[in-house]
Amino acid sequence: MKSQEALVILSGGLDSTTALYWARERFKRVHTLTFSYGQSHEVEVERAREIAERAKVASHKVFRVALNEIGGSALTQADIPIPERKSASEVIGSNGIPITYVPFRNGIFLSIAAAYAEVKGISHLVGGWNAVDYSGYPDCRREFLNAMERAVTLGSKAGVEGRPFTIHAPLISLSKAEIIALGLSLGADYSLTLSCYRGEDPPCGRCDSCVLREDAWRRLGFMDHAIERVIRLRSRS
Ligand SMILES: [Zn+2]
């Protein structure tokens, strides 16, 4: 039996779209929350709205938080170049935390998501965090999500009154190819998703996100964007 309601943090990318379709299988009603955070690839906010609409969510909310005023990331600061890579192994093999890391982004997003969910009476938070391909992002790790789950429960009226939060990270230990395979098995529609850090469509094909995504589709035996473009054109005609 499906239970309760869930709030999915939806960026408009491939991972969070998979998490959305995962949540649709497990919860009676699914709501989505998208952050317009001053990202240079702002176009993903509109894509998220379209993805939510197509997935027939119970509600979709766009929340604005100006992380570009904090800066410190190639995704929010125009004067920091987005790194270019030649292969997925180059991305995964790179040391340290990449410059595309947005300072404490998932901590900020989860705090806002918990506050919003509390007001809506929702206890389940879902996201597309993934620790395999993006092992350089500290706020995508299971230990961090466990700590946030405890923090938002301890720091909220809902938690104190016996309605603890649960943070679901169904993709945390999956590879990018496994994420796509899972999504396809759940009927996920990837035709609107946008992964490019530059927000380019057609995608730039050179940023970390593009390189990982294309590598994953190739592993699955698909020509990612060519296929997707065809699907998208078909859906509009
Ligand atoms: Zn790109």
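Residues numbered from 1 in each chain as written. Predicted model: local features only at pLDDT ≥ 70, side-chain atom pairs only at ≥ 80, totals over all residues.

(A) Examining the packing of helix H7 (residues 176-185) against helix H8 (residues 208-220) more closely. Where H7 meets H8, the axes come as close as 8 Å, and the angle between the chain directions of the two elements is 65°. At the point where H7 passes H8, the crossing takes the right-handed sense. On the side of H7, the interface is formed by Lys176, Ala177, Ile180 and Ala181, while H8 contributes Leu212, Arg213, Ala216, Trp217, Arg219 and Leu220. (Axes fitted to C-alpha atoms, helices over the stretch in contact; angles between N-to-C directions. Helix = DSSP H or I, 4+ residues; strand = E, 2+ residues; numbered from the N terminus. Left-handed = near helix turned anticlockwise from the far one by under 90°. Contact = placed C-beta atoms within 7 Å.)

(B) Focus on the nonpolar core. Ranked by size, the top nonpolar core spans 62 residues in total, and within it Leu7, Val8, Ala23, Ala113 and Leu125 carry the most contacts. With six residues, the single largest contributor to this core is helix H1 (residues 14-26). The residues contacting Ala113, other than those within four sequence positions of it, are Leu7, Ile9, Leu33 and Leu125. (Core = buried A, V, L, I, M, F, W, Y, C linked by C-beta atoms within 7 Å. Buried ≥ 20, exposed ≤ 12 C-beta atoms within 10 Å, placed from the backbone.)

(C) Up close: helix H2 (residues 43-54). Between its terminal C-alpha atoms H2 stretches 17 Å, which fits the 16 Å expected from twelve residues at 1.5 Å a residue. Residues Glu44, Val45, Arg47, Ala48, Ile51 and Ala52 constitute the buried set of H2. All buried residues of H2 fall inside an arc of 160° around its axis, so they share one side. On its buried face, H2 is in contact with H1, strand S2 (27-36) and strand S3 (59-64). (Expected span 1.5 Å × (residues − 1). Arc of directions from axis to C-beta.)

(D) Layout of H8. In this model H8 runs 19 Å from its N-terminal to its C-terminal C-alpha over 13 residues, within 8% of the 18 Å that 1.5 Å per residue would give. Inspection of H8 places Asp208, Ser209, Cys210, Val211, Leu212, Arg213, Glu214, Ala216 and Trp217 among the buried residues, and these make up the whole buried set. In the segment just after H8, Gly221 is the residue with positive phi, at about 90°.

(E) Main features of the environment of Met148. The topology assignment puts Met148 in helix H5 (residues 142-154). When the C-alpha positions of Met148 and Ile167 are compared, they lie 8.2 Å apart, and in sequence the two are 19 residues distant. In this structure, Met148 is in contact with Gly107, Leu110 and Ile167, ignoring residues within four places of it in sequence.

(F) Structural view of the pairing of S2. Burial within S2 is extensive, with seven of its ten residues counted as buried. Relative to S3, S2 runs parallel, the two being bridged by six bridges. Looking at the pairing, Ser36 lines up with Arg64 of S3. You can see the chain leave S2, run along H2 and come back into S3, and the turn it takes is right-handed. (Pairing = 2+ DSSP bridges. Right-handed = clockwise from strand over helix to strand, strands pointing away.)

(G) Spotlight on the packing of H1 against H7. For the pair H1 and H7, interaxial distance at closest approach is 9 Å and the crossing angle is 40°. The angle between H1 and H7 places the two elements in the oblique class. Here H1 runs over H7; the crossing is left-handed. Contacts between H1 and H7 involve Leu14, Asp15, Thr17, Thr18 and Tyr21 on the former and, on the latter, Ile179, Ile180, Leu182 and Gly183. (Parallel < 35°, antiparallel > 145°, perpendicular 65-115°, else oblique.)

(H) Up close: the environment of Gln77. Its place among the elements puts Gln77 in the loop between S3 and helix H3 (88-93). According to the C-beta neighbour criterion, Gln77 is partly exposed, with 17 such atoms within 10 Å. Separated by 37 residues in sequence, Gln77 and Ser40 have C-alpha atoms that sit 7.5 Å apart. Once you skip the residues sitting within four places of it in the chain, Gln77 turns out to touch Asn68, Gly71 and Gly72.

(I) Quick peek at unusual backbone geometry. Here the bond from Asp201 into Pro202 is cis, since omega is 5°, no more than 30 degrees from zero. Mapped onto the secondary structure, Pro202 falls in the loop between H7 and H8. Of note, the phi angle at Lys56 is positive, near 55°, even though the residue is not glycine. Checked against the element boundaries, Lys56 lands in the loop between H2 and S3. Located in the positive-phi region is Phe104, a residue other than glycine, with phi close to 55°.

Such coordinate-based values are descriptive only and should not be taken to indicate function.
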